[in-house]
Amino acid sequence: MKSFKSLASVIALSVATVAAPAFAEEVAPQAAAAKPTAADAEAFVAAAEKEGFDYTVSASRVFWINSTYLTDDTNALAAEVGAKGTEMQVRFALEAAKYNDVPGLSEETRRKLDKLRGGIVLPAPTTEGAAAELNTIATELQSIYGKGKGTLDGKPVSGSDIEAAMGDVRDPAKLKEMWVSWHDNVGAPMKDDYARMVEIANQGARELGFRNVGAMWRGQYDMSADEFAALTEKLWQQVKPLYDDLHCYTRTKLNEKYGDAVQPKTGPIRADLLGNMWAQEWGNIYDVVAPAGAGDIGYDVTELLKAKNYDPLKMVKTGEGFFSSLGFAPLPETFWQRSQFVKPQDREVVCHASAWDIDNMDDIRIKMCIKVNADDFTTIHHELGHNYYQRAYNQQDPLHLDGANDGFHEAIGDMVALSITPDYLVEIGLLDKAKVPGADKDLGLLLRQGMDKLAFLPFGLLVDRWRWGVFDGSIKPTGYNDAWTALRLQYQGIVPPADRPDDAFDPGAKYHIPGNTPYTRYFLARILQFQFYKAACDIAGWKGPLHRCSFYGNKEVGNRLNAMLEMGASKPWPDALEAFTGSREMDGTALVEYFAPLQTWLKEENKGKQCGW
Ligand code: X8Z
Ligand code: ZN
């Protein structure tokens, strides 16, 4: 992965991200007239890798400039370069299909051909002008999001500011104003363009022999698209009881704080009360839900950072320090020179955090609009996880310059951030030793963590459940918003704070929809990060409660982790998972184990309550 905006755009265009196998269930495109040989296939793959590699290095620079300097001109350049990339990828995909039935292909060549054939995030048909139209729309959608503003007290507020304010503000009228204005201003204008984009990309998918774009996305996981959908459902059923318990408990606390008129005791939760614009992570309202006694964990990371005068640079240096402690080489000088850490004052940018690998070698960077708070401290570790992964696999062939699957890429930095325990905070001088919460505060710590990690699970799933429906036609443009709201209710048990207008397009108010970044990766990452974390803690010989483990400073963990990272996408993901964890299955057991004491406690707290919605 290159940039994570780019798995959608850059990466959508990056051959390096074209991913996994195409499967028998897909309709094969027309057979070739001549009889190509395995040697022909290998020659084609090598040429495609070279051309794709050269393209991504130069295209990435254009996309970087566009994302960090949003103007009509940079949009035009990004759309033009993007169109060239789409045309190239489609050309490769059609050519790759000709080698489908060639006898004697090596396993490696077969995997690479499958990636070339199926790994385009937004394909276009070969019709004249289609790739240009598709990329113009995609660039415009991303730009609308980047420039988007909501309001607070009637005054315009940028995306990164409103995101932070949703975590801090506790006045329900103000929260509602921010939620409604953001969704109305940012989402609604995108609707028609989004529908057109879906139409073009689906035509592209069909020309390549796939049912629709969603089937292509689901086909990137070393199994069939349908098997993958079933796997995500299985994982969700494994962890859903934890979410249901947390929802029930949180609703009670919100009702106690705001009263029946704002948050009733039963039914869904009002989406703007959960401390996050999308209600995807709820840790920011820990103060609202903290139980007496055990709930006082005695510190708050935002306050610690502020008290010790951390600035964005120091936050990033601290993140780097963790990876260095595992034995990873320091980030290159260019990372510090070329990254965007804070929001520039004089221009519009895409603030949504992303990690970039410009030259597939060591020109790695992050692009953020960092605020000194706990959310961004975690996000820095998340983004650095991408950068260290990218650098670790930079010796792989161009088509293997990617994560084992996209969930792996999203999970590395998060696994590291799970190690930000009280003891770790003491070790780096952020927390006084005397303030380390004792074992009697374990539940508070777990609840704080669960508010982020567990709350995210249904959101991580539903974003692409919506898009899968959009791409397969079961959700039509006229029903875009109602279907979104229905999925939010079904999976998350939340409702918008006000009736939505007919022209609403609330999905557009979430970055990854206009950014065209597939989202199931984040659901997988939520599961995988606990598998990785448990494996790391086992390697480190940790014997205490899992959530107290920090593997900071453990070189053995670093070595084993690196062994997985440097494989990139060269092997099916179960091989990579096995290299680090010993298991070949994605599985929620580690997550369930981590939160088991919390679940027992939540069940006790919820006794006598009418849970569900
Ligand atoms: O988009 C991201 C990262 C960039 S890859 C900041 N995340 C998802 C989100 O913000 O919605 C990380 C967690 C989920
Ligand atoms: Zn990410």
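Residues numbered from 1 in each chain as written. Chains lettered and ligands numbered in written order. Predicted model: local features only at pLDDT ≥ 70, side-chain atom pairs only at ≥ 80, totals over all residues. Heavy atoms only, no water.

A closer look at the site of ligand 1
Surrounding ligand 1, one finds 14 residues, the nearest of these being Gln 280, His 352, Lys 510, His 512 and Tyr 519. In isolation ligand 1 offers 370 Å² of accessible surface; the protein chains occlude 89% of this area. Listing elements by their share of the shell around ligand 1, those giving two or more residues are helix 15 (374-392) and helix 20 (520-539). In the shell around ligand 1, the residues fall into five nonpolar, five polar and four charged. (Near = heavy atom within 4 Å. Areas by Shrake-Rupley, 256 points an atom, 1.4 Å probe, with all protein chains shown as cover. Helix = DSSP H or I, 4+ residues; strand = E, 2+ residues; numbered from the N terminus. Nonpolar A, V, L, I, M, F, W, Y, C, P; charged D, E, K, R; others polar.)

Quick notes on the state of the cysteines
Two cysteines joined by a covalent bond between their sulfur atoms form a disulfide. All chains considered together, the criterion is met by three disulfides. One disulfide in the model links Cys 248 with Cys 611; its S-S distance is 2.0 Å. A torsion of -80° about the S-S bond marks the disulfide between Cys 248 and Cys 611 as left-handed. One end of the pair, Cys 248, is in helix 10 (residues 225-258); the other, Cys 611, is in the segment after helix 23 (589-605), and 363 residues separate them in sequence. Classification of Cys 248 as buried rests on a relative accessible area of 1%. Paired through a disulfide, Cys 351 and Cys 369 show a sulfur-sulfur distance of 2.0 Å. (Disulfide = S-S within 2.5 Å. Buried < 20%, exposed > 50% of the residue type's maximum accessible area, 1.4 Å probe, protein only.)

Concerning the pattern of salt bridges
Taken as a whole and assessed by the stated rule, the structure comprises 37 salt bridges. Two residues, Arg 521 and Asp 406, come together in a salt bridge whose shortest N-O distance is 3.3 Å. Here Arg 521 is found in helix 20, whereas its partner Asp 406 is found in helix 16 (residues 406-417), with 115 residues between them in sequence. With a relative accessible area of 2%, Arg 521 lands in the buried category. Judged by its relative accessible area of 12%, Asp 406 is buried. Linked through salt bridges whose partners overlap, the residues forming this network are Glu 49, Glu 108, Lys 112 and Asp 397. (Salt bridge = Lys/Arg side-chain N within 4 Å of Asp/Glu carboxyl O.)

Considering the coordination of the zinc ion (ligand 2)
At this site the zinc ion (ligand 2) is bound by His 382 (NE2), His 386 (NE2) and Glu 410 (OE), with donor distances of 2.0 to 2.1 Å. Coordination at the zinc ion (ligand 2) is tetrahedral, judged from the four donor atoms that bind it and the angles of 90 to 128° they form at the metal. Look at where the donors of the zinc ion (ligand 2) fall in the sequence and you get H-x3-H-x23-E. Taken together, the positions of His 382 in helix 15 and Glu 410 in helix 16 put the pair 28 residues apart, joining distant regions of the chain. This pair shows no difference in class: His 382 is buried, exactly as Glu 410 is. (Donors = N, O, S within 2.8 Å, 3.2 Å for Na, K, Ca; no water. Tetrahedral: all angles 85-135°; square planar, octahedral: opposite > 155°, others 65-115°.)

Thoughts on the pairing of strand 2 (residues 155-158)
By the bridge criterion, four bridges tie strand 1 (residues 149-152) to strand 2 in an arrangement that is antiparallel. Its bridge partner being in strand 2, Gly 150 is matched across the sheet by Val 157. (Pairing = 2+ DSSP bridges.)

Some remarks on the UniProt feature "binding site: chloride" (unreviewed entry) in the chain
In the numbering adopted here, UniProt assigns the feature "binding site: chloride" (unreviewed entry) to Tyr 221 and Arg 521. In terms of the greatest pairwise C-alpha distance, the residues named above, spread along 301 residues, form a tight cluster of at most 10.4 Å across. Look at Tyr 221 and you get buried, because its relative accessible area is 3%. (UniProt positions renumbered as here; feature names shortened; annotations may be inferred.)

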